[in-house]
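Listed below are the residues making up each chain.
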Amino acid sequence: MKSGFGGRHGNFSSRSTGKIRVEDKSSNFLNLVKHTAGDDLLFCLDSLSIKDIAVGGTITNWFDAWDVFNTNFTATDKPTLDLYNGKPVVSFNGSSNFMSTAANATQLNSKTALSLVYFSKNESSADALQAVMEYGTYWYNMNGFSLILARGESNFAVYNGQRQHPDGGAAGHIAGADGVNVTVNNPLALGVVFNRNAPGTGLATKPYVNGSPVATSNIYNVGATYNIDSAWESNDKLHLGKRIGGSILHLNGSIGCFIAITRVLTDGEMSRLQNAVLNRYNVGAGASPT
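Because the structure is a prediction, the values reported are computed rather than measured.

**Observations regarding the pattern of salt bridges**
For the coordinates displayed, the defined rule picks out six salt bridges. Salt-bridge contacts for Lys121 lead to Glu123; the nearest nitrogen and oxygen are separated by 3.7 Å. Look at Lys121 and you get buried, because its relative accessible area is 15%. In this structure, Arg263 and Glu269 form a salt bridge, with 2.9 Å as the shortest nitrogen-oxygen distance. When its relative accessible area of 13% is taken as the criterion, Glu269 is described as buried. One continuous salt-bridge network, built from bridges that share partners, spans Asp40, Arg263 and Glu269.

See below:
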C-alpha cells in the first residue's frame, strides 16, 4: 500500500511544492477511513490534507489520501481552496469549476457495489439541480450513477440515481432525501450505497444523511422493479462538480472530503464515517439536516 504522504503523491495540490506532515498520516479520521474500508477503499479525497495552497488559491490536482488505486482528480477550470468553520474545503463556483479523474475509472469495472460518503455545504445558484459527482456520461446511461443536490424541490433535496436497464424513462433507480427533512444549504454529511447485487426498487440505492439512513417515509423513490445485478463496465471518468454530458448542473458550494468504498457499508459503518466527517468540519455528530 502506498501511503499517499510524501514522495510522488505527497502533495495533494501540486507535486512541485509543499510537504505533508507525518502526523497527518496518523490522523484519527484517515485511519478510521482506511480501517473501515480495508482493501475495498477506492479513494479518499481529504481537503485537510491540502497544505501548499493559500485560501483563495486554485487547485489543479486533488490526490487520494491513501493512493490505493491512484484515483486522483484534476481540473482545467479549477476550484479554489476556501474555509468552512475554519477548516479547508474545496469550493466550486456554480458556473464553470469541475474536476475529473485523470484517467477512466476502470477500477469500477468489476465492482457490484459502491458506498459513497462526502461533506458538502451548498450555496445559492441559478441551477436548481447541482451535480456533486457523476459517472457514465449521464446517470441514466447504462452503468452510470449520479449524486445531485436539489434546491427548491418539494419532493427531493438529495438525489442519488443509478441504472442498468437499456430502456429509457423510469428504467433506473433513484433514491434521495425529501426536501421537507433535508435542507441542502446546511452543512451535511451525505452518503449513498449503490448495490448492484440487489432486486429493483427500494434495495438497490440507499441514501444516508448526517449519520443515519433516510427513513422510508422520507425517501424520494422512483424506479423500475427489474434487478440491478451486474458489475459496472462504463470505462468513463468520474466527474466532480458538474454533469458529465454538457456544461450544466454545476455545483455552487464546497466539498470537504469524498470517500468511495467498493462494497456495501453497514448502517453502523456509515454512521461512524458520517459522524467523523461532521466532527472534522466542526459541525458535530448528530447535526440536524434541516
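**Some thoughts on the packing of helix α2 (residues 28-37) against helix α3 (residues 267-280)**
For the pair α2 and α3, the least separation of the axes is 11 Å and the interaxial angle reads 165°. Here α2 lies roughly antiparallel to α3, going by the angle between them. The way α2 lies across α3 gives a crossing that is left-handed. Here α2 contributes Phe29, Leu32, Val33 and Thr36 to the contact with α3, which in turn contributes Glu269, Arg272, Leu273, Ala276, Val277 and Arg280.

**Overview of unusual backbone geometry**
Despite not being glycine, Asn85 shows a phi value in the positive range, around 50°. Its place among the elements puts Asn85 in the loop between β4 (80-84) and β5 (87-93). Phi is positive for Leu249, close to 55°, though the residue is something other than glycine. Of the residues examined, Leu249 reaches a relative accessible area of 10% and is grouped as buried.

**A closer look at the nonpolar core**
By size, the foremost hydrophobic cluster in this structure holds 41 residues, and its most contacted members are Phe145, Leu240 and Phe258. Broken down by secondary-structure element, the contributors of at least two residues to this core are β1 (41-46), β5, β7 (113-122), β8 (129-135), β9 (145-150), β12 (187-195), β16 (238-240) and β17 (252-261). By residue number, the principal contributor to this core is β12, which donates four residues. One finds Leu30, Tyr208, Val277 and Tyr281 within the second-largest nonpolar core, a separate group that totals 27 residues.

**Some points on the packing of aromatic side chains**
Counted by the stated rule, this structure contains nine aromatic pairs. Their ring planes at 70° and their centres at 5.4 Å tell us that Phe43 and Phe73 sit as a pair that is edge-to-face. You can see Phe43 sitting in strand β1 and its partner Phe73 sitting in strand β3 (residues 73-74), a full 30 residues away along the chain. Neither residue differs from the other here; Phe43 and Phe73 are each classed as buried. An aromatic cluster is built from Phe43, Phe73, Tyr118 and Phe258, whose rings are joined through pairwise contacts.

**Re the confidence of the model for the protein**
On average, residues of the protein score 82 in pLDDT, and 82% of them reach the 70 mark or higher. In the model, residues 1-26 has pLDDT below 50 throughout and makes 65 contacts with residues more than four positions away in sequence or in other chains.

**Points about α3**
In this model, α3 (14 residues) spans 20 Å end to end at C-alpha, consistent with the 20 Å of a helix rising 1.5 Å per residue. Those residues of α3 that fall on the buried side of the exposure criterion are Glu269, Met270, Leu273, Gln274, Asn275, Ala276, Val277, Leu278 and Arg280.

**Focus on the side chain of Asn72**
In this fold, Asn72 is placed in the loop between β2 (61-62) and β3. Side-chain polar atoms of Asn72 contact the backbone nitrogen of Asp64, separated by 2.8 Å.

**Considering the pairing of strand β10 (residues 158-163)**
Consecutive side chains along a regular strand alternate between the two faces of the sheet. Here β10 lies mainly inside the structure; six of its six residues are buried. When β9 meets β10, the two strands line up antiparallel, connected through five bridges. Within β10, the position partnered with Leu147 by the bridge is Asn160.

**Topic: α2**
Those residues of α2 that fall on the buried side of the exposure criterion are Phe29, Leu30, Val33, Lys34, Thr36 and Ala37. The buried side chains of α2 occupy one side of the element, clustering within an arc of 165° when seen end-on. Pointing more than 90 degrees away from the buried face of α2 are the exposed residues Asn28 and His35. One or two positions beyond α2, positive phi appears at Gly38, with a value near 60°.

**Remarks on the environment of Leu249**
Of note, Leu249 is situated in the loop between β16 and β17. Residues Leu249 and Gln130, spaced 119 residues apart in sequence, show a C-alpha to C-alpha distance of 4.5 Å.

Each value, and the rule that gives it
- Residues numbered from 1 in each chain as written.
- Predicted model: local features only at pLDDT ≥ 70, side-chain atom pairs only at ≥ 80, totals over all residues.
- Heavy atoms only, no water.
- Salt bridge = Lys/Arg side-chain N within 4 Å of Asp/Glu carboxyl O.
- Buried < 20%, exposed > 50% of the residue type's maximum accessible area, 1.4 Å probe, protein only.
- Axes fitted to C-alpha atoms, helices over the stretch in contact; angles between N-to-C directions.
- Helix = DSSP H or I, 4+ residues; strand = E, 2+ residues; numbered from the N terminus.
- Parallel < 35°, antiparallel > 145°, perpendicular 65-115°, else oblique.
- Left-handed = near helix turned anticlockwise from the far one by under 90°.
- Contact = heavy atoms within 4.5 Å.
- Core = buried A, V, L, I, M, F, W, Y, C linked by side-chain atoms within 4.5 Å.
- Phe/Tyr/Trp six-rings, centres within 6.5 Å; stacked < 30°, edge-to-face > 60°.
- pLDDT = per-residue confidence, 0-100.
- Expected span 1.5 Å × (residues − 1).
- Polar contact = N/O pair within 3.5 Å; in protein donor to acceptor, adjacent residues only side chain to side chain.
- Pairing = 2+ DSSP bridges.
- Arc of directions from axis to C-beta.

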